[in-house]
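A look at the structure
What follows is each chain in one-letter form.
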Amino acid sequence: MRTYHQLTDPDRSGLADQIGAQRKRVAARLAGVRRIVAVMSGKGGVGKSYVTAHLARGFARAGRSVGVLDADLNGPTIPRLLQVAQHAASPAIGIDGVKCVSMGQFLEDGAPLAFTGPSAESYVWRGAMEASALREFLGDVEWGDLDLLLLDLPPGMQRYIELCDILGTPPAVLTVTIPTPESHDAVRRAMRAAVERGSDLLGIVENMVGGELKGSAAADLALEFRTPVLARIPWHPSPDDWSELASRLPQPLGPRPQAP
Amino acid sequence: MKFLCVECDQQMAFAERQLPGDGTLAATFKCPKCGRVVAMLTNPMETQLVSSLGVEIGGRTVPAEPFEMVHANVVTGGPAWSSGAQERLSRVPSFVRGMVKKIYGDYAKERGITEITPAVMDTARAELGLEGM
């Protein structure tokens, strides 16, 4: 009996071609975006979304066109941080003119992200559904010309890996941590994964500095990964803190996305 | 995915895709030599897995609509859909399914209807002039 590769007629479903078309659609949509930066951390609760939103506003106030993609599909907070109305058209225009898209624009107030389908086996397909939603956020939003698109990633590495696969090129990474040793350990793993995938590490933002949280996570990580500590953000930062962080981000911020 | 008619040693050609409305999928393939037809039947989990990839068995005839997967598959917190209503909705072409779902969802929400059934769809269709949906 002949094998798959010995059957030379094209596969009518063309699943590989359909996946390829999806990637081309993303690349075409992002062609007007000069730089893509993933804001990530291996740890939850360190303030990634907070940093992302205020960094975006810092750039916008400096006259740059900025977009934020809220890749935290299960816990979207960007609409509130950027003061975007629920069910706003996509991309919504937030405070200071920052464009954004978030699953929060698609869900009822307080409703968790849920998909139609057989719930008994949802662990089999839910991850693929979320990756597809991320792909649609990248490929279906009319971002237009942007100087910078910030991707606010959820805790953990899964969304970062999906992002690398969808973009075809690993995005530059801005890392957020808090000072504690626990944060150091989790963020360290994430940074190592980003390096192994080929992402440029732009630097580290240490958040929630000056309060009860003790430690030297940012300094230790900076030393290990030879990347700068770009900012140490206090508990009550001023707009100037964010503008200063925006000015410290290395130029260029990372490679343009390329068609696969 | 390819199908081989072992007897004829011929690659079978995709013939038809059906969505019965119970979450399953049927795709038929025909041997160009002997005419034998086989059906590939997927269970709801397998069907959902294919759907989650944003691809269509048998190939796409029209490009994907923006946010097609999100609109069609994300539960937005609106009214529940009975199995009969889901079956009817599944017969709507995928590229407008999300829009149609939203129309019925908005209709139900505005009237405080918590579950969309085929009867609700009939009423909405008559009231809103949605013949064919």
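So, a few notes on the structure that sits alongside this text. (Residues numbered from 1 in each chain as written. Chains lettered and ligands numbered in written order. Predicted model: local features only at pLDDT ≥ 70, side-chain atom pairs only at ≥ 80, totals over all residues.)

**Concerning the packing of helix α4 (residues 122-140) of chain A against helix α1 (residues 44-52) of chain B**
Relative orientation of the contacting elements α4(A) and α1(B) amounts to 20°, with a least axis distance of 8 Å. Considered as vectors, α4(A) and α1(B) are oriented roughly parallel to each other. Two packed elements cross with a definite hand, and for α4(A) against α1(B) that hand is left-handed. Counting all contacts with α4(A), which are made through Val124(A), Trp125(A), Ala128(A), Met129(A) and Ser132(A), the residues of α1(B) involved are Met45(B), Gln48(B), Leu49(B) and Ser52(B). Along the lines of polarity and charge, the residues of the contact of α4(A) with α1(B) split into six nonpolar, three polar and no charged. (Axes fitted to C-alpha atoms, helices over the stretch in contact; angles between N-to-C directions. Helix = DSSP H or I, 4+ residues; strand = E, 2+ residues; numbered from the N terminus. Parallel < 35°, antiparallel > 145°, perpendicular 65-115°, else oblique. Left-handed = near helix turned anticlockwise from the far one by under 90°. Contact = placed C-beta atoms within 7 Å. Nonpolar A, V, L, I, M, F, W, Y, C, P; charged D, E, K, R; others polar.)

**What about the interface of chain B and chain A?**
Contacts between chain B and chain A engage 30 residues on the former and 33 residues on the latter. Of all the elements in the fold, those that place two or more residues in the side of chain B that touches chain A are β2 (10-18), α1, α2 (68-73) and β5 (74-75) of chain B. Ranked by residue count, the leading element in the side of chain B that touches chain A is α1(B), at five residues. Residue composition of the side of chain B that touches chain A, grouped by class: 17 nonpolar, 10 polar and three charged. Two elements, strand β5 (residues 114-115) of chain A and β5(B), share two bridges in a ladder whose sense is antiparallel. The partner of Ala114(A) across the bridge, within β5(B), is Val75(B). (Pairing = 2+ DSSP bridges.)

**Observations regarding unusual backbone geometry**
Unusually for a residue other than glycine, Arg226(A) sits at a positive phi of about 50°. With respect to the element layout, Arg226(A) can be found in the loop between α7 (217-225) and β9 (229-234). At Asp9(B), a residue that is not glycine, the phi angle is positive and equals roughly 55°. Among the structural elements, Asp9(B) can be located in the loop between β1 (3-5) and β2.

**Re the sheet that holds β2(B)**
All names here are of chain B. Spatially, the four strands line up as an open sheet ordered β1-β2-β3-β4, and their pairing is antiparallel. The outermost strands of the open sheet, each flanked by one partner alone, are β1 and β4 (37-42). Within this sheet the neighbouring strands show an average axis-to-axis angle of 35°, counted without direction.

**Focus on the environment of Glu87(B)**
Residues and elements named next belong to chain B. As for its position among the elements, Glu87 is in helix α3 (residues 83-90). Looking at Glu87, the number of C-beta atoms within 10 Å reads 16, which means it is partly exposed. For the pair Glu87 and Pro20, spaced 67 residues apart in sequence, the C-alpha to C-alpha distance is 7.0 Å. With near-sequence residues (within four places) excluded, Glu87 lies in contact with Gly21 and Asp22. (Buried ≥ 20, exposed ≤ 12 C-beta atoms within 10 Å, placed from the backbone.)

**Quick look at α1(B)**
Taken as a whole, α1(B) has its buried residues at Thr47(B), Gln48(B), Ser51(B) and Ser52(B). An end-on view of α1(B) places all buried positions within 135° of arc, on one side of the element. Of the surrounding secondary structure, the elements contacted by the buried residues of α1(B) are α4 of chain A together with β3 (25-30), β4 and α2 of chain B. Immediately beyond the C-terminal end of α1(B), within one or two residues, lies Gly54(B), with a positive phi of roughly 75°. (Arc of directions from axis to C-beta.)

**A closer look at the packing of helix α2 (residues 48-61) of chain A against helix α8 (residues 239-248) of chain A**
Residue and element names in this part refer to chain A. Their axes nearest at 8 Å, the elements α2 and α8 cross at an angle of 80°. By the angle between their directions, the pair α2 and α8 is classed as roughly perpendicular. Where α2 approaches α8, its residues His54, Leu55, Arg57, Gly58, Phe59 and Arg61 are matched on the opposing element by Trp242, Ser243, Leu245 and Ala246. Residues that form the contact of α2 with α8 fall into these classes: five nonpolar, three polar and two charged.

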